[in-house]
Amino acid sequence: MMGVLSIIVFIGTLVAIPLLVIHMPTDYFTRRRKPLKSLSQGHAAVRILVLVFKNLAGMIFILSGIMMLVLPGQGVISLLIGLMLVNFPGKRDLELRIIRQQTVFRALNWMRLRAQKPPLKLPRKRPRIVKDNGA
């Protein structure tokens, strides 16, 4: 059963991850976050249903990514896609920590290059402010 599940997850991610990366806006990591117009308008039940579906899909990608850290597949990229879909405090900082890993950033831009899409942009790192304790 675990072997069949592993094959299904592996094939699913081979299809889904490149599609999601290719359709990701170039400025996803640099733009300011605004609520989606489609979610801020409309019936409350529809908004809730969309949020539940988006978070459920994100959780599936996160769990698949965790499994693929030990099974065949693109574990770190699956985790990143899952994190981009779910809502939680501190999400932005975690996304940036993952995308700033050179191997992850190069892999995502390689997929985009093959689809003839422009590379993703990264925000500049903010300089750390070190407080002088007078010593």
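Scroll up a little and you will see the structure.
Notes on the structure in this doc start here. (Residues numbered from 1 in each chain as written. Predicted model: local features only at pLDDT ≥ 70, side-chain atom pairs only at ≥ 80, totals over all residues. Heavy atoms only, no water.)

1. Here's the deal with the packing of helix α4 (residues 75-85) against helix α5 (residues 91-99)
A pair of packed helices is captured by two measures, namely the crossing angle of their axes and the spacing between those axes.
Right, on to step 1. With their axes 10 Å apart at the nearest point, α4 and α5 run at an angle of 160 degrees to one another. Comparing the axis directions of α4 and α5 gives the class roughly antiparallel. Relative to α5, α4 is oriented so that their crossing is left-handed. Touching V76, L80, L83, M84 and L85 of α4 are K91, L94, E95, I98 and I99, all from α5.
Right, on to step 2. Its residues placed into classes, the contact of α4 with α5 shows eight nonpolar, no polar and two charged. (Axes fitted to C-alpha atoms, helices over the stretch in contact; angles between N-to-C directions. Helix = DSSP H or I, 4+ residues; strand = E, 2+ residues; numbered from the N terminus. Parallel < 35°, antiparallel > 145°, perpendicular 65-115°, else oblique. Left-handed = near helix turned anticlockwise from the far one by under 90°. Contact = heavy atoms within 4.5 Å. Nonpolar A, V, L, I, M, F, W, Y, C, P; charged D, E, K, R; others polar.)

2. Looking at the packing of aromatic side chains
Describing an aromatic ring pair means giving the distance of the ring centres and the angle of the ring planes.
Right, on to step 1. Evaluation of the coordinates by the stated rule reveals one aromatic pair.
Right, on to step 2. Judged by centre distance (4.9 Å) and plane angle (85 degrees), the ring pair of Y28 and F29 falls under edge-to-face.
Right, on to step 3. Taking relative accessible area as the criterion, F29 reaches 1% and is therefore assigned buried. (Phe/Tyr/Trp six-rings, centres within 6.5 Å; stacked < 30°, edge-to-face > 60°. Buried < 20%, exposed > 50% of the residue type's maximum accessible area, 1.4 Å probe, protein only.)

3. Considerations on the pattern of salt bridges
Right, on to step 1. With the rule as written, the count across this model stands at two salt bridges.
Right, on to step 2. When the shortest N-O distance is used, the salt bridge between D27 and R31 registers 3.8 Å.
Right, on to step 3. Of the residues examined, R31 reaches a relative accessible area of 33% and is grouped as partly exposed.
Right, on to step 4. Salt-bridge contacts for R92 lead to E95; the nearest nitrogen and oxygen are separated by 3.8 Å. (Salt bridge = Lys/Arg side-chain N within 4 Å of Asp/Glu carboxyl O.)

4. Details of unusual backbone geometry
Right, on to step 1. Notably, Q116 is not glycine yet its phi reads approximately 60 degrees, a positive angle.
Right, on to step 2. For Q116, the location among the structural elements is in the segment after α6 (102-114).
Right, on to step 3. Note on Q116: relative accessible area 75%, which makes it exposed.

5. A word on the packing of helix α3 (residues 44-68) against α4
Right, on to step 1. One can describe the packing of α3 onto α4 by two numbers: an axis separation of 7 Å at closest approach and a directional angle of 160 degrees. With respect to α4, the element α3 is oriented roughly antiparallel. Crossing of α3 over α4 shows left-handed handedness. Within the contact between the two elements, α3 uses K54, N55, A57, G58, F61, I62, G65, I66 and M68 and α4 uses G75, S78, L79, I81, G82, L83 and L85.
Right, on to step 2. Tallied by class, the residues present in the contact of α3 with α4 amount to nine nonpolar, six polar and one charged.

None of the figures reported here should be taken as evidence of function without further support.
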